[in-house]
Amino acid sequence: MAEGAVLVERGRERGPEAAEVVVRRGRVVEGVRGYGLIVAMWIRSTMTYRTSFLLSAFGNAAITLLDFVAIYIMFSHVDVLGGFTLPEIALLYGSCSASLGLADLLLGNTDRIGARIRDGSLDTMLVRPVPVLAQVAADRFALRRLGRVLQGLGVLAWAVSALDVDWTPGKVLLVPVMIVAGAAIFGAVMVAGAAFQFLAGDAAEVQNSFTYGGCTMLQYPPTVFGKDLLRGVTFVVPLAFVNWLPALYVLGRPDPLGLPGWVAYVSPLVAFAVFLPASLAWRAGVRSYRSTGS
Amino acid sequence: MRHQARGRALLYLVVAAGGFRRYATYGTATVAGVFTNTVFGFIVAYTYIALWDERPGLGGYDQAQALTFVWVSQSLLAAGALIGGGFQEEIQERVRTGAIAVDLYRPADLQMWWLAADMGRAAFQLVGRGVVPLVAGSLVFTLALPDDPVRWLLFLVSVTLGLVVSFALRYLLGLLAFWLMDGSGINLMATVVSIFFSGMLLPLTVFPGGFGELVRALPWAAMLQVPVDVLMGKHAGAGGAAEALGFQAGWALVLLGVGRLLQAAATRKVVVQGG
């Protein structure tokens, strides 16, 4: 708070535009700092029940690993699914699981906003000197979600070792970029979903159908799905950039929609592009908020 | 005596109605849930089409039956609390805060009270979240739904038994709170197991060999696999139906019995503080 005030003061000396910039930067710094403090608090609180934490971290890894076991069982009956082999599907599965896990770890609890609007506890957040989004994202921060990230990376590592890919520097670089950009795209969807709850009330499940549902879809090859669905997740909600397009390029397979090869590299740009409308929607949501008064 | 029994039955009916009404107030959440179940249904349906194209007749299902499995699963998922939800977190919270003492003083049995409330919840979600996804699925895909009303009736009986099994298991989780201070780890593990072993990820008939036989004998099979198979007439004839429903009823009785034992042990542990 005090730090922010000092920044504002310093900004004023340099004229109104400079003040705006400084205030804005101040808010981002404040947000990240607030986020860090809340996260640290929740981690300390989680560690009070260490056994429960270990169990839940393990459970979190297992919950997604069983998904993969189901795919593995499918492949005990077939050699290819939608024309893709098991290691190829493992690449899709592992990358999307790691991306979603990261987004879920950092921003996943934004879906609790609907419940907070309903019970009125959002009011408390509005009066605190930390940006609401940082508070909502850090709310009940669950370190156990690291389990999903590690599990996804594990399957990905197996896929990479089992695949017969002609690795070029570009392809090697594309794998980590795909994970991080994918996490950012999922994160943007989460923020947009949270903003939607200002409008719709408790609709956390809609958000889940784009994030969890999206990841369930992305762990299978695009050839399994209809062209209309593919267009939807490429051009409307650009989930295809989470892993399909980069992974198809790594695997040297054509995109069913016939997009050129270089689109494999634009995932970070897409992530940036979807964060803009998501954050605008979030701001509009917070501005439109009327307390329940309870 | 009989008068008292009737009073009890009425009480549990009122509790069940309360459970129904409580979930009926979450209008937006229900619509959001229907949307999610439908989206998931489409995604899984496409993957099953790919799988059954590759291997027709896999698990003893043709493609229409496999797709029926998908959509009936999506319809039963909320009612059976197969991916979490339900009351176990609430019991755990009440144990943690000590509010459970109030429950124990009620002139009703703790297990029956929660069973009634959970059946009310399940009844609402069966209607509120079950019908629309199934209709949506049947409009877009060719499903193998029966015309025979008796089959649908048997299905409802089977679903009810499956809901009781699901309740009985989750009641055990709830009671574990008397021994574990924080139940979130256990709940998560239970959800993992329930998703995998109920047949939600893949019909249990597709699981290979001895492992497949094992998973089809576990209580989670009673929650989803058996009701769907009953609906599709996989347990043909009076004998087949009796066997399927008997399997479910057996697990329901065993698990409710274990619940009673655990409940007795748990209530002995309660120390009521203050006055």
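The rules behind these values
Residues numbered from 1 in each chain as written. Chains lettered and ligands numbered in written order. Predicted model: local features only at pLDDT ≥ 70, side-chain atom pairs only at ≥ 80, totals over all residues. Heavy atoms only, no water. Helix = DSSP H or I, 4+ residues; strand = E, 2+ residues; numbered from the N terminus. Rg over C-alpha atoms; globule rule 2.2 N^0.38 Å. Buried < 20%, exposed > 50% of the residue type's maximum accessible area, 1.4 Å probe, protein only. Contact = heavy atoms within 4.5 Å. Areas by Shrake-Rupley, 256 points an atom, 1.4 Å probe, with all protein chains shown as cover. Lys, Arg positive; Asp, Glu negative; His and termini not counted. Charge placed at Lys NZ, Arg CZ, Asp CG, Glu CD. Disulfide = S-S within 2.5 Å. Patch = residues over 30% accessible without salt bridge, like charges linked within 9 Å, V, L, I, M, F, W, Y side chains within 5 Å. Salt bridge = Lys/Arg side-chain N within 4 Å of Asp/Glu carboxyl O. Polar contact = N/O pair within 3.5 Å; in protein donor to acceptor, adjacent residues only side chain to side chain. Phe/Tyr/Trp six-rings, centres within 6.5 Å; stacked < 30°, edge-to-face > 60°. Expected span 1.5 Å × (residues − 1).

A. Structural view of the overall build of chain B. Within chain B, the regular secondary structure consists of 12 helices and 0 strands. Each helix (α) and strand (β) of chain B, taken in turn from the N terminus, gives the series α-α-α-α-α-α-α-α-α-α-α-α. Relative to its length of 275 residues, chain B is compact, with a C-alpha radius of gyration of 20 Å against a globular reference of 19 Å. Taking the principal axes of the C-alpha coordinates as reference, chain B spans close to 65 × 40 × 35 Å. For chain B, with 275 residues in total, the buried portion stands at 50%.

B. Structural context of the overall build of chain A. Within chain A one finds 13 helices and 0 strands. Each helix and strand of chain A, placed in order from N terminus to C terminus, yields the pattern α-α-α-α-α-α-α-α-α-α-α-α-α. Its C-alpha atoms give chain A a radius of gyration of 21 Å, near enough to 19 Å, the size a compact globule of 294 residues would have. Along the longest, intermediate and shortest principal axes, the C-alpha atoms of chain A span 65 × 45 × 35 Å. Across the 294 residues of chain A, 52% fall into the buried class. Put simply, 77% of the contacts in chain A that link residues at least 6 apart link residues at least 24 apart. Put simply, chain A shows about 13,600 Å² of open surface, and 66% of that area lies on carbon and sulfur atoms. Placing the 24 positive and 20 negative side-chain charges of chain A at their respective mean positions leaves the two points 6 Å apart.

C. View of the state of the cysteines. Residues and elements named next belong to chain A. Under the definition given, this model contains 1 disulfide over all chains. Paired by a disulfide, Cys96 and Cys215 hold their sulfur atoms 2.0 Å apart. Disulfide Cys96-Cys215: the torsion about the S-S bond is 115°, which places it as right-handed. Here Cys215 lies in helix α10 (residues 204-218) and Cys96 lies in helix α4 (residues 86-107), a separation of 119 residues in the sequence. The class for Cys215 is buried, based on a relative accessible area of 5%.

D. Structural context of the side chain of Asn37 of chain B. With respect to the helices and strands, Asn37 of chain B occurs in helix α2 (residues 27-54). The residues contacting Asn37 of chain B, other than those within four sequence positions of it, are Trp71, Gln74, Leu77, Arg129 and Pro133 of chain B.

E. The arrangement of a nonpolar patch on the surface in detail. All names here are of chain B. A surface patch of nonpolar side chains, amounting to about 550 Å² of accessible area, comprises Val127, Val131, Val132, Val135, Leu139 and Val140. Sort the elements by how many residues they give to the nonpolar patch and helix α7 (residues 131-140) lands first, with 5 residues. With respect to the secondary-structure elements, Leu139 resides in helix α7. Since its relative accessible area comes to 69%, Leu139 is described here as exposed.

F. Looking closely at unusual backbone geometry. Positive phi outside glycine occurs at Arg140 of chain A, with the angle close to 50°. Its location among the elements puts Arg140 of chain A in the loop between α7 (132-138) and α8 (146-162). Looking at Arg140 of chain A, the relative accessible area reads 48%, which means it is partly exposed. Its identity as a non-glycine residue notwithstanding, Ala81 of chain B has a phi of 50°, on the positive side. Here Ala81 of chain B falls in the buried class, since its relative accessible area comes to 7%.

G. A look at the interface of chain B and chain A. With 34 residues of chain B at the interface, the matching set in chain A holds 39 residues. Here chain B is connected to chain A by 1 salt bridge. Between the two partners, chain B and chain A, sit 5 residue pairs in polar contact (both at pLDDT 80 or more). Broken down by secondary-structure element, the contributors of at least two residues to the side of chain B that touches chain A are α2 and α9 (184-198) of chain B. Residue contributions to the side of chain B that touches chain A peak at 15 residues, all from α2 of chain B.

H. Spotlight on the environment of Thr110 of chain A. Structurally, Thr110 of chain A can be placed in the loop between α4 and α5 (113-119). Taking the relative accessible area as the measure of exposure, Thr110 of chain A reaches 0% and is therefore buried.

I. Expanded view of the packing of aromatic side chains. All chains considered together, the criterion is met by 26 aromatic pairs over all chains. Measuring from centroid to centroid gives 5.9 Å for Phe225 of chain A and Trp244 of chain A, while their planes differ by 40°, and the two rings are tilted. One end of the pair, Phe225 of chain A, is in the loop between α10 and α11 (227-236); the other, Trp244 of chain A, is in helix α12 (residues 244-251), with 19 residues separating them in the sequence. With relative accessibility at 6%, the residue Phe225 of chain A sits in the buried group. With a relative accessible area of 3%, Trp244 of chain A lands in the buried category. Taking the centre distance of 6.0 Å and the plane angle of 75° together, the rings of Tyr46 of chain B and Phe141 of chain B count as edge-to-face.

J. Expanded view of the side chain of Asp67 of chain A. Position of Asp67 of chain A relative to the elements: it lies in helix α3 (residues 50-74). Not counting chain neighbours up to four residues away, the residues in contact with Asp67 of chain A comprise Tyr93 and Gln219 of chain A together with Leu201 of chain B.

K. Structural view of helix α1 (residues 2-24) of chain B. Residue and element names in this part refer to chain B. Relative to the 33 Å expected for 23 residues at 1.5 Å per residue, α1 spans 33 Å between its end C-alpha atoms, a close match to the ideal helical length. By the burial criterion, the buried members of α1 are Tyr12, Val15, Ala16, Gly19 and Tyr23. Of the surrounding secondary structure, the elements contacted by the buried residues of α1 are α2 and α6 (110-128).

L. The pattern of salt bridges, seen in detail. If you walk through the whole model with that rule in mind, you get 12 salt bridges over all chains. Ionic pairing is found between Arg231 of chain A and Asp228 of chain A, a salt bridge with its closest N-O pair at 3.1 Å. Taken as a pair, Arg231 of chain A and Asp228 of chain A lie in helix α11 at a separation of 3 residues, close to a single helical turn. A relative accessible area of 41% means that Arg231 of chain A is categorised as partly exposed. Its relative accessible area of 64% is what places Asp228 of chain A among the exposed residues. A salt bridge links Arg121 of chain B to Asp118 of chain B; the shortest N-O distance between them is 2.7 Å. On the criterion of helical spacing, the pair formed by Arg121 of chain B and Asp118 of chain B is a turn pair, its members being 3 residues apart in helix α6.

By themselves, these figures tell us nothing about what the structure is for.
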